[in-house]
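Notes for the structure review
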Amino acid sequence: MAVDWQRAVMVPSWIRWLPCSFAYLTVVPDQEQFPRSAWSILPWDTPVWCDPGSVDDWIARARRRHPRRDAGHAERRAREHYDRVVQVRAARIELFTEMCHRRGLPVPHTLDELLTCLCGFGLFTLDGEVVRPRLDQNPIDVLPLVGQELVHEEQAQQDDRTVLVAITVREMASRGRRRWRRRQLTTYLGALATGLRMPVSEVRRALAQLGEIADLATEPAPEAAADRIRITVTWPDFARRFPFEDLPAPEHAV
């Protein structure tokens, strides 16, 4: 019988904390529990962190992408982008390593070791050969954060929710009414919150933040229910700013 694969229910902010190969472990055959053999096709020996590759490859791609741009300018831009990605990646590796050390867990280097590590954090349980995901826990409740780290994580999670709202708005706007340099959509706040698994108050806060940073405007929809709103965004600028399908790992959002 064919396996019905699905995304595990999880707090999206784990994307910021966990190595890139973690994405393999978010696709599960059953949310409650399943035999580990269902994951037999996973590349268990793959490194846990993405390899950004060679800066020379980045330069070559930049020149192909912008053939009319001065070659020296294209190289400088490619090197700058590469350096930012590598810096963000290095900071993420250092922070995750620190969390492992604080919890007394070996730092994983392969996907197989990562699963064992995440079991140590309590994000999965492995009873014999039966796997149970527990990714719906908040990083604040799981990670050994202290002091200002907790404050920073709370703020980061608010920013994560803002990006998730932006992604949903972009998807809806892409199908919405076309106008010169802008797009409009009408929706219910409650429906938006339900789809995103967020409180309505968080959706309102995210929309307000997007109004400050991304030229998004909201207004009550005329002659409609109290929570029905009209959202207007600049286009295609808004789409270019939030091109992701899901919350990206930090180095992939640079």
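The structure displayed is predicted, hence computed values, not measured ones. Throughout this description, residue numbers start from 1 for each chain and increase along the sequence as written. Reporting of local features is limited, given that this is a predicted model, to residues whose pLDDT is at least 70; pairs of side-chain atoms are given and counted only at 80 or more, and all residues count toward the totals for whole chains, interfaces and linings. The side-chain figures draw on all heavy atoms in the structure; neither hydrogens nor water molecules are used.

1. Remarks on helix α4 (residues 111–121)
Categorising residues by exposure relies on relative accessible area from a 1.4 Å probe, with only protein chains included: less than 20% of the type maximum marks a residue as buried, more than 50% marks it as exposed, and the intermediate range marks it as partly exposed. Counting from the N terminus, the helices are the DSSP runs of H or I reaching at least four residues and the strands are the DSSP runs of E reaching at least two. Listed as buried for α4 are Leu-111, Leu-114, Leu-115, Cys-117, Leu-118 and Phe-121. Along the axis of α4, the buried positions cluster into a sector of 165°, meaning they face one direction only. Here the buried face of α4 lies against α3 (71–103), β4 (124–127) and α5 (139–142). The first or second residue beyond α4 is Gly-122, which carries a positive phi of 85°. The arc in question is formed by the directions pointing from the helix axis toward the C-beta atoms. Throughout, a residue-residue contact means that at least one pair of heavy atoms, one from each residue, lies within 4.5 Å.

2. What to know about the pattern of salt bridges
Salt bridges are identified by distance alone: a Lys or Arg side-chain nitrogen within 4 Å of an Asp or Glu carboxyl oxygen. In total, this model carries 16 salt bridges according to the counting rule given. A salt bridge links Glu-98 to Arg-102, with the nearest nitrogen and oxygen atoms 2.9 Å apart. Residue Glu-98 and its partner Arg-102 are both found in helix α3; the two are separated by four residues, about one turn of the helix. On the basis of relative accessibility, which here comes to 33%, the residue Arg-102 falls in the partly exposed class. Put simply, Asp-237 and Arg-240 hold a salt bridge, and the shortest N to O gap is 3.9 Å. Of this pair, Asp-237 and Arg-240 both sit in helix α9 (residues 237–241), three residues apart, which is roughly one turn of that helix. With a relative accessible area of 37%, Asp-237 lands in the partly exposed category. By sharing partners, the salt bridges in this structure join Arg-16, Glu-153 and Asp-160 into a single network.

3. Digging into the packing of aromatic side chains
The aromatic pairing rule takes the rings of Phe, Tyr and Trp, using the six-membered ring of Trp, and pairs them if the centres are within 6.5 Å, calling planes under 30 degrees apart stacked, those over 60 edge-to-face and the rest tilted. According to the stated counting rule, one finds seven aromatic pairs in the structure shown. Aromatic side chains Phe-34 and Trp-39 sit 4.9 Å apart centroid to centroid with 70° between the ring planes, which places their arrangement in the edge-to-face category. Owing to a relative accessible area of 3%, Phe-34 belongs among the buried residues under this scheme. Note on Phe-96 and Phe-121: the rings are 6.4 Å apart at their centroids and 40° apart in plane angle, and the pair reads as tilted. With Phe-96 in helix α3 and Phe-121 in helix α4, this residue pair connects regions lying 25 residues apart in the sequence. Neither Phe-96 nor Phe-121 differs from the other in exposure class; each is buried. Here the basic side chain of Arg-36 rests over the ring of Trp-44, its NZ or CZ set 4.4 Å away from the ring centre. Geometrically, a lysine NZ or arginine CZ counts as sitting over a ring once it is within 6 Å of the ring centre and also within 35 degrees of the ring normal.

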